[in-house]
Amino acid sequence: MAKTKLKIKTNRGAYKRFKVTGTGKIKHHKAYGSHLLTSKSKKRKRNLRKAALVDKRDIKNVRRLLPYAA
């Protein structure tokens, strides 16, 4: 019987929170946009709707959670 390499499990929480772009960058949604919205300005709430890129310091850790992301 041939020995096979084990597959690495994808972290399911990270899989739901991050998406990989076509160029290989990792997108995420911004925090603080779901409650206590009356005290936040329209501009701030509008900017919270946009997706953001993961900071270069965190990419290594996110990629470890998503081993099969492009």
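Honestly, the nonpolar core in this entry has me stumped. Any pointers?
One broad trend across soluble globular proteins is that nonpolar side chains are buried collectively. Counting 6 residues, the largest nonpolar core consists of Ala14, Phe18, Ile26, Val54, Val62 and Leu66. Look past the residues within four positions of Val62 in its chain and what remains in contact with it is Phe18, Ile26 and Val54.

Please explain the pattern of salt bridges as it appears in this structure.
A side chain of one charge can pair with a side chain of the opposite charge if their charged atoms are brought near each other. Taken as a whole, this structure holds 1 salt bridge when the rule is applied. The shortest N-O distance in the salt bridge between Arg57 and Asp55 comes to 3.5 Å. Take Arg57: its relative accessible area is 67%, and that puts it in the exposed class. Judged by relative accessible area, which is 35%, Asp55 ranks as partly exposed.

Where do I start with a positive patch on the surface in this structure?
A contiguous patch of positive charge on the surface is contributed by Lys30, Lys42, Lys43, Arg46, Arg49 and Lys50. Residue Lys43 is classed as exposed on the basis of its relative accessible area, which comes to 55%.

Could you clarify how one ought to interpret the sheet that holds strand 2 (residues 26-29) in this entry?
Strand pairing within a sheet occurs via backbone hydrogen bonds; the two strands may be parallel or antiparallel. Overall, antiparallel pairing links the 3 strands, which are arranged 1-2-3 in an open sheet. Edge positions in the sheet fall to strand 1 (18-20) and strand 3 (51-53), since each has one partner strand and no second. Adjacent strand axes in the sheet meet at a mean angle of 35°, parallel and antiparallel pairs treated alike. With 3 bridges connecting them, strand 1 and strand 2 associate as antiparallel partners. Within the sheet, the bridge partner assigned to Val20 lies in strand 2 and is Ile26.

Where do I start with the packing of aromatic side chains in this structure?
Two descriptors summarise a pair of aromatic rings, namely the distance from one centre to the other and the angle between the planes of the rings. Under the counting rule described, the total for this entry stands at 0 aromatic pairs. Here Arg12 stacks its cationic end above the ring of Tyr15, 4.5 Å away from the centre of that ring. A cation over a ring is seen here: Lys19 above Tyr15, with NZ or CZ 5.5 Å from the ring centre.

Just to check I follow, could you spell out the side chain of Lys40 for this structure?
Counting through the fold element by element, Lys40 comes out in the loop between strand 2 and helix 2 (42-49). Salt bridges are absent for the buried Lys40, whose nearest opposite-charge side chain, Asp58, sits at 20 Å. A polar contact of 2.7 Å, which involves the side chain of Lys40, links it to the backbone oxygen of Tyr32. Among residues more than four places away in sequence, those in contact with Lys40 are Tyr32, His35 and Lys45.

Conventions used here
Residues numbered from 1 in each chain as written. Predicted model: local features only at pLDDT ≥ 70, side-chain atom pairs only at ≥ 80, totals over all residues. Heavy atoms only, no water. Core = buried A, V, L, I, M, F, W, Y, C linked by side-chain atoms within 4.5 Å. Buried < 20%, exposed > 50% of the residue type's maximum accessible area, 1.4 Å probe, protein only. Contact = heavy atoms within 4.5 Å. Salt bridge = Lys/Arg side-chain N within 4 Å of Asp/Glu carboxyl O. Patch = residues over 30% accessible without salt bridge, like charges linked within 9 Å, V, L, I, M, F, W, Y side chains within 5 Å. Areas by Shrake-Rupley, 256 points an atom, 1.4 Å probe, with all protein chains shown as cover. Lys, Arg positive; Asp, Glu negative; His and termini not counted. Charge placed at Lys NZ, Arg CZ, Asp CG, Glu CD. Pairing = 2+ DSSP bridges. Helix = DSSP H or I, 4+ residues; strand = E, 2+ residues; numbered from the N terminus. Axes fitted to C-alpha atoms, helices over the stretch in contact; angles between N-to-C directions. Phe/Tyr/Trp six-rings, centres within 6.5 Å; stacked < 30°, edge-to-face > 60°. Lys NZ or Arg CZ within 6 Å of the ring centre and 35° of its normal. Polar contact = N/O pair within 3.5 Å; in protein donor to acceptor, adjacent residues only side chain to side chain.

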